[in-house]
Amino acid sequence: MISEEKIRQLQETARQVRINVLKMLNKANSGHTGGSLSATDILVALYFEVMRHRPDDPAWRERDRFVLSKGHAAPALYTVLSMAGYFSMDELGTLRQLNSCLQGHPNAKLTPGVDATSGSLGQGLSVANGIALGLRLDGIESQVYAVLGDGELQEGQVWEAAMTSAHYKLGKVTVVVDNNGLQIDGFVKDVKGVEPIKDKWSSFGWDTHEIDGHDLSALVKILTQVKGKSVTDRPTAVIAKTVKGKGVSLFENKAKYHGVAPSADELAAALKELGV
């Protein structure tokens, strides 16, 4: 059972992540605000409580692996990695600059701590499956996590990969769906509905759960439970109900901020709301 003090620490970490994400996006004048903020709590739970990893040894063979399939949320991943100690936080100010190790989407060849290059939506689970199969061949009992967007579930490759995970009994694979209900063109239900998400994953042979994706206690509890589960031959899908732009009312639940960086005035208002 995680303590209330630890949850408060994680909540404060998530607040700091959001602050840094917004600052780096504003400086770059480019990038994805909404989806970075909606995924923040998921990433904080994974990197600061659940996953086994070593910032001082990013290539440690026994580490858990992570794939950000919704690669446009890279600012949140970069901030979490820097705060965890993978690289200097000074690098955050170089987002999307030429020769920066922090490009618009994650690049495993450039950024310490990034396990998979991603950004072409729909491919991340296939990559996670490949990693899990490779680990199995090497006899390494590490977990493989992949965060997908709900709009991304419109991609057919996701469901081919879901069948593959179940067919090969990849119990070490855990998908977290950032279910914020929005994509670049509007509400997911209006563009191309993907509900019922939980039932679909279950029908593909996955152990499936639904939670509040901003409740850090619930996130840590289910992700820890999944990691220690006794049924090891079924992959797990966690449907995390989130809010696009979470943490700043100006951005919350608005498709407009899918791929728009905050202006100077918007940043000032957001930082004030976040207690800066």
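Predicted model, so just to flag it, every value in this text is computed and none were measured.

A. Summary view of the overall build of the protein. In terms of regular secondary structure, the protein is built from nine helices and seven strands. By the compact-globule yardstick of 19 Å for 276 residues, the protein fits well, its C-alpha radius of gyration being 17 Å. Counting only C-alpha atoms, the protein reaches 50 × 45 × 40 Å along its principal axes. Across the 276 residues that make up the protein, the buried fraction comes to 53%. Expressed as a percentage of contacts within the protein between residues at least 6 apart in sequence, the contacts between residues at least 24 apart total 77%. Working note: accessible area of the protein is about 11,800 Å², and carbon and sulfur atoms make up 49% of it. In the protein, which carries 31 positive and 32 negative side-chain charges, the distance between the mean positions of the two groups comes to 1 Å.

B. Representation of the pattern of salt bridges in the model. Counted under the stated rule, the structure contains nine salt bridges. Between Glu 5 and Arg 8 there is a salt bridge, with its nearest N and O atoms 2.9 Å apart. Of this pair, Glu 5 and Arg 8 both sit in helix α1 (residues 4-28), separated by three residues, roughly a single helical turn. Overall, the relative accessible area of 41% leaves Glu 5 in the partly exposed class. Where Asp 178 meets Lys 70, a salt bridge forms, and the shortest distance between an N and an O atom there is 2.6 Å. Here Asp 178, found in strand β3 (residues 173-179), pairs with Lys 70, found in the loop between β1 (65-68) and α3 (74-84); they are 108 residues apart in sequence, far enough to count as distant. Comparing Asp 178 with Lys 70, the two get one shared label, buried.

C. A look at unusual backbone geometry. Of note, the amide linkage connecting Glu 195 to Pro 196 takes the cis form, showing an omega dihedral of 0°. Positive phi values are uncommon outside glycine, yet Asn 29 reaches one of about 55°. Along the polypeptide, Asn 29 turns up in the loop between α1 and α2 (34-50). Even without being glycine, Arg 96 reaches a positive phi, approximately 65°.

D. Region of interest: helix α4 (residues 124-138). Compared with an ideal rise of 1.5 Å per residue, which puts 15 residues at 21 Å, α4 spans 21 Å between its outermost C-alpha atoms and is within 8% of the ideal. Taken together, the buried residues of α4 touch β1, β2 (144-149), α5 (156-167), β3 and α7 (197-203). Positive backbone phi, at 70°, marks Gly 139, one or two positions downstream of α4.

E. Region of interest: the packing of α2 against helix α8 (residues 216-227). Direction vectors running N to C along α2 and α8 enclose 55°, while the axes themselves pass 10 Å from each other. As far as their axial angle goes, α8 and α2 are oblique. The way α2 lies across α8 gives a crossing that is right-handed. Across from Asp 41, Ile 42, Val 44, Ala 45, Leu 46, Glu 49 and Val 50 in α2, the residues of α8 making contact are Leu 216, Leu 219, Val 220, Leu 223, Thr 224 and Lys 227. Looking at side-chain class alone, the contact of α2 with α8 contains nine nonpolar, one polar and three charged residues.

F. Fine view of the pairing of strand β7 (residues 236-241). Within β7, five of the six residues are buried, which leaves it mostly tucked inside the rest of the structure. Of the strand pairs in this sheet, β3 and β7 are connected by six bridges, and their pairing is parallel. When the bridges of β7 are listed, Asp 178 appears paired with Ala 240. With six bridges connecting them, strand β6 (residues 207-212) and β7 associate as parallel partners. When the bridges of β7 are listed, Ile 211 appears paired with Ala 240.

G. Structural context of the environment of Gln 103. Tracing the backbone through its elements, the reader meets Gln 103 in the loop between α3 and α4. Each C-alpha atom of the pair Gln 103 and Gln 11 lies 27 Å from the other, and the pair is 92 residues apart in sequence. Apart from the residues lying within four places of it in its own chain, the contact partners of Gln 103 are Ala 74, Tyr 78, Leu 95, Arg 96, Gln 97 and Leu 110. In terms of polar contacts, Gln 103 uses its side chain to reach the backbone carbonyl oxygen of Gln 97, at 3.0 Å.

Here is what the cut-offs are and how they apply
- Residues numbered from 1 in each chain as written.
- Predicted model: local features only at pLDDT ≥ 70, side-chain atom pairs only at ≥ 80, totals over all residues.
- Heavy atoms only, no water.
- Helix = DSSP H or I, 4+ residues; strand = E, 2+ residues; numbered from the N terminus.
- Rg over C-alpha atoms; globule rule 2.2 N^0.38 Å.
- Buried < 20%, exposed > 50% of the residue type's maximum accessible area, 1.4 Å probe, protein only.
- Contact = heavy atoms within 4.5 Å.
- Areas by Shrake-Rupley, 256 points an atom, 1.4 Å probe, with all protein chains shown as cover.
- Lys, Arg positive; Asp, Glu negative; His and termini not counted.
- Charge placed at Lys NZ, Arg CZ, Asp CG, Glu CD.
- Salt bridge = Lys/Arg side-chain N within 4 Å of Asp/Glu carboxyl O.
- Expected span 1.5 Å × (residues − 1).
- Axes fitted to C-alpha atoms, helices over the stretch in contact; angles between N-to-C directions.
- Parallel < 35°, antiparallel > 145°, perpendicular 65-115°, else oblique.
- Left-handed = near helix turned anticlockwise from the far one by under 90°.
- Nonpolar A, V, L, I, M, F, W, Y, C, P; charged D, E, K, R; others polar.
- Pairing = 2+ DSSP bridges.
- Polar contact = N/O pair within 3.5 Å; in protein donor to acceptor, adjacent residues only side chain to side chain.

Purely geometric stuff here, so don't read any function into it on its own.
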